[in-house]
Amino acid sequence: MTLDFLPRIQLRRDKHGKGQNVSTAKMDKLISLLRVLVWFVLIAQAISLAAVFINDEDIYLQIEGELWHQPLSAFQASDQFFVAVVLIVPTLILMWGLFQIAVLCRYYKGGVLFALDTILCFKRFAIALIALAVVETLMLPILIFYLWSRQALPGLPDFDPVDLLEVLQTEILLVGVLFFVITRIMETGLEMKQEVELTI
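This structure is a prediction, so every number in the text was calculated from the model and none was measured.

The rules we used
Throughout, a residue's number is its position along its own chain's written sequence, starting from 1. Where totals are concerned, whole chains, interfaces and linings use all residues; where local detail is concerned, this predicted model gives features only for residues with pLDDT of at least 70, and gives and counts side-chain atom pairs only at 80 or more. Based on all heavy atoms of the structure, the side-chain values leave hydrogens and waters out of the count. Whether two aromatic rings pair depends on their centres lying within 6.5 Å, for rings of Phe, Tyr and Trp, where Trp uses its six-membered ring; planes under 30 degrees apart make the pair stacked, over 60 edge-to-face, and the rest tilted. For the purposes of this entry, the term helix denotes a DSSP run of H or I that reaches at least four residues, the term strand denotes a run of E that reaches at least two, and both are numbered from the N terminus. A simple rule labels every residue: compare its accessible area, found with a 1.4 Å probe on the protein chains alone, to the largest value its type can have, and call it buried under 20%, exposed over 50%, or partly exposed in between. Throughout, a contact is declared for two residues whenever any of their heavy atoms are within 4.5 Å.

The relation between two aromatic rings is expressed through the spacing of the ring centres and the mutual angle of the planes. A full pass over the atoms with the stated rule returns 3 aromatic pairs. Both rings, one in Phe82 and one in Tyr146, keep their centres 3.8 Å apart while their planes meet at 20°; by these two values the pair is stacked. Taken together, the residues span a long stretch of sequence, with Phe82 in helix H2 (residues 77-109) and Tyr146 in helix H3 (residues 116-149) at a distance of 64 residues. Looking at Phe82, the relative accessible area reads 26%, which means it is partly exposed. Residues Phe125 and Phe179 carry aromatic rings whose centres are separated by 5.6 Å and whose planes lie at 90° to one another, so their mutual orientation is edge-to-face. Here the residue Phe125 occupies a position in helix H3, and Phe179 occupies one in helix H5 (residues 170-199), the gap between them amounting to 54 residues. The class of Phe125 is buried, set by a relative accessible area of 14%.

What follows is the structure in structure tokens.
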């Protein structure tokens, strides 16, 4: 009876251990894929931003019913610097948010899946999305007002309510708020779990 019973226990342990190895291998593949996607987006953003200055792209505005455009190199050096800073800020915010995902991958790789550190990474990513939406919404009005005050524009651009809808980054804002609410739920759940463990 003992000889028949022991192999069954060993067989169950082997199956359980094999299942854990398969799950770990699958998790490692997903984490590696997430890392590749993060670095791909980071590199793509850097290349896209660099292309704006390398190609000396024009700024297009509708002023007094006519299409006005001027390359970045045509502005004064101080104006070029201000425009460059404004254009770089959204990219830096996005990179900071993606860096939080990269840190999250490191926690996952170390076996830390549901903890305060991983939740904070999600929260920072959500904050980055919200900040990105706000900055990209304000970016064009700030550039227009600055260039107009510096007399770099022949006049103020024509206002069209439809253009206002294009400027608003509502999709990014809503996704950021959604992620933020989810992180608050995760934080609350973790706190409740810790309270239950302390009670026990």
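What follows picks up the thread again.
On to the environment of Met139. Assignment of secondary structure puts Met139 in helix H3. As for Met139 and Pro90, which are separated by 49 residues in sequence, their C-alpha atoms are 8.8 Å apart. With residues near it in sequence (within four places) discarded, Met139 still touches Val86, Leu87 and Pro90.

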